Amino acid sequence: MIDKTALNIKQVISNVKDGDTVMIGGFGNAGQPSELIDALIEHGAKNLTIISNNAGNGEHGLAALLQAGQVDKMICSFPRQHDSYVFDELYLSGKVQLELVPQGNLACRIQAAGSGLGAVFTPTGYGTLLAEGKETREIDGKQYVLEYPLKADIALIKAYKGDRWGNLVYRKTGRNFGPIMAMAADITIAQVQETVLLGDLDPEHIITPGIFVQHVVKV
């Protein structure tokens, strides 16, 4: 019997190893798997590369992970906001590297990894510093930049409901990057608000099929 639900959040987060690349869902606090991040901080894995939309708010969530000294590199679209002082201090002191990726490109590169594509050409970034050192090509009279897929060892995401097969549904804006990150990682761990019996989720409402999810944790 397939049962991907887990009662022990510490046990599933132990899948994260030193040096791993970890995708973390969320658009700011919306859809951010806060309890999984807290467990990762307690777990203590270090030298991590984090792929996320932003670099944390205040001193919780992603910011707390950065503050704990567990992150070597951030790959994100919005590293700075009015309350992103933790990342600012670490970056300016040379303790954290940054790869800045326009938000559309971030989604596109994650999707490329999940779809098994070798690379994608995108117009975003052409003619800017973000295109320096990258292959460019004119296609149909328009200039494009070659970007490579973003994949991860682990994806930490948040969903609304999940069943024992790992099928997931999301709640409103909490959906954001979770579905594509689940497809682009070797191991996906989803925290959910509610676990339901197999068959209780309307198949037409399932956004992430269980084939892309290895662990479901109710928090």
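Just so you know, the residues in each chain are numbered from 1, in the order the chain's sequence is written. At least 70 in pLDDT is required for a residue's local features to be given in this predicted model, at least 80 for side-chain atom pairs to be given and counted, and no such filter applies to totals for whole chains, interfaces and linings, which use all residues. For side-chain calculations, the full set of non-hydrogen atoms in the structure is used, while hydrogens and water are omitted.

Draft legend 1. Region of the structure containing the overall build of the chain. When you go through the chain residue by residue, the secondary structure sums to six helices and 12 strands. As defined in this context, the radius of gyration uses C-alpha atoms, and a globule is described by 2.2 Å times the residue total to the power 0.38. In summary, the chain has a C-alpha radius of gyration of 18 Å against a globular reference of 17 Å for 219 residues, a match within 12%. Each of the three principal axes of the chain carries a C-alpha extent, and together these read 50 × 45 × 30 Å. Per-residue accessibility, obtained with a 1.4 Å probe over protein chains only, is compared with the maximum for each type, and a residue is labelled buried under 20%, exposed over 50%, and partly exposed between these values. For the chain, the residues scored as buried account for 47% of the 219 residues in total. Every residue pair with non-hydrogen atoms within 4.5 Å of one another is taken to be in contact. Partitioning the intrachain contacts of the chain with sequence separation of at least 6 by distance along the chain shows that 73% fall at a separation of at least 24. Positive and negative charge centroids in the chain, built from 19 and 24 side chains respectively, lie 2 Å apart. Each helix is a run of DSSP H or I of at least 4 residues and each strand a run of E of at least 2, with the numbering of both proceeding from the N terminus. Charged residues are defined here as Lys and Arg on the positive side and Asp and Glu on the negative side; His and the ends of the chain fall outside this count. Taken as the charge location is NZ of Lys, CZ of Arg, CG of Asp or CD of Glu.

Draft legend 2. A look at the nonpolar core. The definition of a nonpolar core used throughout is a set of buried Ala, Val, Leu, Ile, Met, Phe, Trp, Tyr and Cys residues joined through side-chain atoms within 4.5 Å. I50, L66, M74 and L156 are the most contacted members of the largest nonpolar core, which has 29 residues in total. Residues contacting L66, with those up to four places away along its chain left out, are A55, V71, M74, V86, F87, L90 and V96. In terms of nonpolar packing, the next biggest core, distinct from the first, is built from 25 residues, L150, Y170, A184 and V213 among them.

Draft legend 3. How the structure looks around the side chain of D163. Following the sequence through the fold, D163 ends up in the loop between β9 (152-162) and β10 (168-169). Counted as salt bridges are all cases of a side-chain nitrogen of Lys or Arg within 4 Å of a carboxyl oxygen of Asp or Glu. Although D163 lies buried, it forms no salt bridge, and the closest oppositely charged side chain, R164, sits 7.4 Å away as judged by the N-O distance. Two N or O atoms form a polar contact when they lie within 3.5 Å of each other; inside protein one atom must be a possible hydrogen donor and the other a possible acceptor, and for residues adjacent in sequence the pair counts only when both atoms belong to side chains. Within polar-contact distance, the side chain of D163 engages the backbone nitrogen of W165 at 3.0 Å. A polar side-chain atom of D163 sits 3.0 Å from a polar atom in the side chain of N167.

Draft legend 4. View of the environment of R109. Inspection of the secondary structure puts R109 in helix α5 (residues 103-115). Taking C-alpha positions, R109 is 7.4 Å from V120, a pair spaced 11 residues apart along the chain. Residues within four places of R109 in sequence aside, it is in contact with E99, V101, E147, Y148, P149 and L150.

Draft legend 5. Local environment of the pattern of salt bridges. The final tally for this structure, using the stated rule, is eight salt bridges. Here K10 and E42 are joined by a salt bridge, their closest N and O atoms 3.1 Å apart. A residue pair is termed long-range when its members are at least 10 positions apart, and K10 in helix α1 (residues 9-13) and E42 in helix α2 (residues 34-43) qualify at 32 residues. The exposure class assigned to K10 is exposed, which follows from its relative accessible area of 51%. A residue is classified by how much of its surface remains accessible, and E42, at 56% relative accessible area, is exposed. For the salt bridge of E147 with K134, the shortest nitrogen-to-oxygen distance reads 2.9 Å. Residue E147 is found in strand β8 (residues 142-147), and its partner K134 is found in the loop between β6 (120-122) and β7 (136-139); the two are separated by 13 residues along the sequence. Classification of E147 by relative accessible area gives buried; the value is 7%.

Draft legend 6. Up close: the packing of aromatic side chains. Classification of ring pairs rests on two measures: the distance between centres of Phe, Tyr or Trp rings, Trp counted by its six-membered ring, which must be within 6.5 Å, and the angle between planes, read as stacked under 30 degrees, edge-to-face over 60 and tilted in between. All told, the structure shown has one aromatic pair when counted by the stated rule. A ring pair is formed by F87 and Y91, whose centres lie 5.6 Å apart and whose planes are at 15 degrees; its orientation type is stacked. Of the two residues, F87 and Y91 both sit in helix α4 (residues 85-92), four residues apart, roughly one turn of that helix. Taking relative accessible area as the criterion, F87 reaches 2% and is therefore assigned buried.

Draft legend 7. View of the sheet that holds β8. Pairing between strands is defined by DSSP: at least two bridges between them are needed. Here we have three strands laid out as an open sheet, ordered β6-β8-β7, and antiparallel in their pairing. A single partner strand is all that each edge strand has here, and the edge strands are β6 and β7. Between one strand and the next, the sheet's axes are offset by a mean angle of 40 degrees, whatever the strand orientation. Sheet topology note: the β7/β8 ladder contains four bridges and is antiparallel. Bridge pairing in β8 places E138 opposite Q143. For helices, the axis comes from a line fit to the C-alpha atoms of the stretch in contact; other axes are also lines fit to C-alpha atoms, and the angle between any two N-to-C directions lies between 0 and 180 degrees.

Draft legend 8. Here's a closer look at the side chain of Q32. Looking at where Q32 falls in the secondary structure, it is placed in the loop between β2 (21-24) and α2. Residue Q32 is classed as buried on the basis of its relative accessible area, which comes to 3%. Among the polar contacts listed, one links the side chain of Q32 to the backbone oxygen of G28, at a separation of 3.3 Å. Apart from the residues lying within four places of it in its own chain, the contact partners of Q32 are G25, G26, I37, G61, L62 and K158.

Draft legend 9. Representation of a nonpolar patch on the surface within the structure. Taken together, I2, W165 and L198 make up a surface patch of nonpolar side chains, about 270 Å² in accessible area. Position of I2 relative to the elements: it lies in the segment before β1 (5-6). Nonpolar side chains (Val, Leu, Ile, Met, Phe, Trp, Tyr) within 5 Å and like charges within 9 Å form the patches, drawn only from residues with over 30% relative accessible area and no salt bridge. Working definition of accessibility: Shrake-Rupley area with a 1.4 Å probe, residue cover restricted to the visible protein chains.

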